[in-house]
Amino acid sequence: MTTAEEEIRAAARKRERSKAAFERDDAALRELFVKWRAEGKGPSDMARWSGMTREWVAKIAPDPKVQRDIAAAKNIAES
């Protein structure tokens with residue numbers, strides 16, 4: 001193997017490990033957003049603590065009360 005090939009293969013392996021770690025940590029963060037949103041924490045606070053945008057947090061962990069109200073309105077409309 002050439003030096004270029006070795007370096008590229010090593011970098012690709014490192015990238016795969018990094019990608020797997022990112023996906024694992026991202027999933028854990030998303031679970032925490034959902035958990036604490038259900039406990040009543042606001043997306044603005046969680047965004048400030050995580051460095052994410054408020055909109056991104058709200059998209060990942062929507063207000064559970066709003067979802068409940070939408071489902072109730074749909075049930076009423078169907079009856």
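Let us look at the structure shown here. (Residues numbered from 1 in each chain as written. Predicted model: local features only at pLDDT ≥ 70, side-chain atom pairs only at ≥ 80, totals over all residues. Heavy atoms only, no water.)

Another aspect to go through is the nonpolar core. Nonpolar side chains tend toward joint burial in soluble globular proteins. Membership of the largest hydrophobic core is limited to 6 residues, which are Phe33, Met46, Ala47, Val57, Ile60 and Ala61. Dropping the residues within four chain positions of it, isoleucine 60 is found in contact with Arg30, Phe33 and Val34. (Core = buried A, V, L, I, M, F, W, Y, C linked by side-chain atoms within 4.5 Å. Buried < 20%, exposed > 50% of the residue type's maximum accessible area, 1.4 Å probe, protein only. Contact = heavy atoms within 4.5 Å.)

To continue, consider the packing of helix α1 (residues 3-38) against helix α2 (residues 43-50). Relative to each other, α1 and α2 sit at 145 degrees, their axes nearing to 10 Å. Of the two possible hands of crossing, α1 and α2 adopt the one that is right-handed. Two secondary-structure elements touch here, α1 through Phe33, Trp36 and Arg37 and α2 through Pro43, Met46 and Ser50. Of the residues assigned to the contact of α1 with α2, the class counts are 4 nonpolar, 1 polar and 1 charged. (Axes fitted to C-alpha atoms, helices over the stretch in contact; angles between N-to-C directions. Helix = DSSP H or I, 4+ residues; strand = E, 2+ residues; numbered from the N terminus. Left-handed = near helix turned anticlockwise from the far one by under 90°. Nonpolar A, V, L, I, M, F, W, Y, C, P; charged D, E, K, R; others polar.)

Right, let's get into the environment of lysine 41. Here lysine 41 is to be found in the loop between α1 and α2. Measuring from C-alpha to C-alpha, the distance between lysine 41 and aspartate 63 comes to 9.5 Å, with 22 residues separating the pair along the chain. Excluding its chain neighbours within four sequence positions, the residues that come into contact with lysine 41 are Trp36, Met46 and Trp49.

Turning next to the side chain of arginine 37. Residue position: arginine 37 is located in helix α1. Overall, arginine 37 belongs to the buried group, its relative accessible area being 15%. Once you skip the residues sitting within four places of it in the chain, arginine 37 turns out to touch Gly42, Pro43, Met46, Ala61, Pro62, Asp63 and Pro64.

Inspection of the entire model under this criterion finds 5 salt bridges. Arginine 37 is paired through a salt bridge with aspartate 63; the nearest N and O atoms lie 3.8 Å apart. On the criterion of sequence distance, the pair formed by arginine 37 in helix α1 and aspartate 63 in the loop between α3 (54-60) and α4 (64-78) is long-range, its members being 26 residues apart. Ionic pairing is found between arginine 48 and aspartate 45, a salt bridge with its closest N-O pair at 2.5 Å. With a gap of 3 residues between them, arginine 48 and aspartate 45 both fall in helix α2, about one helical turn apart. Overall, arginine 48 belongs to the exposed group, its relative accessible area being 58%. (Salt bridge = Lys/Arg side-chain N within 4 Å of Asp/Glu carboxyl O.)

Tallied over the full model, the rule gives 1 aromatic pair. With a centroid separation of 5.8 Å and an interplanar angle of 75 degrees, the aromatic rings of phenylalanine 33 and tryptophan 56 are classed as edge-to-face. On the criterion of sequence distance, the pair formed by phenylalanine 33 in helix α1 and tryptophan 56 in helix α3 is long-range, its members being 23 residues apart. Judged by relative accessible area, which is 25%, tryptophan 56 ranks as partly exposed. (Phe/Tyr/Trp six-rings, centres within 6.5 Å; stacked < 30°, edge-to-face > 60°.)

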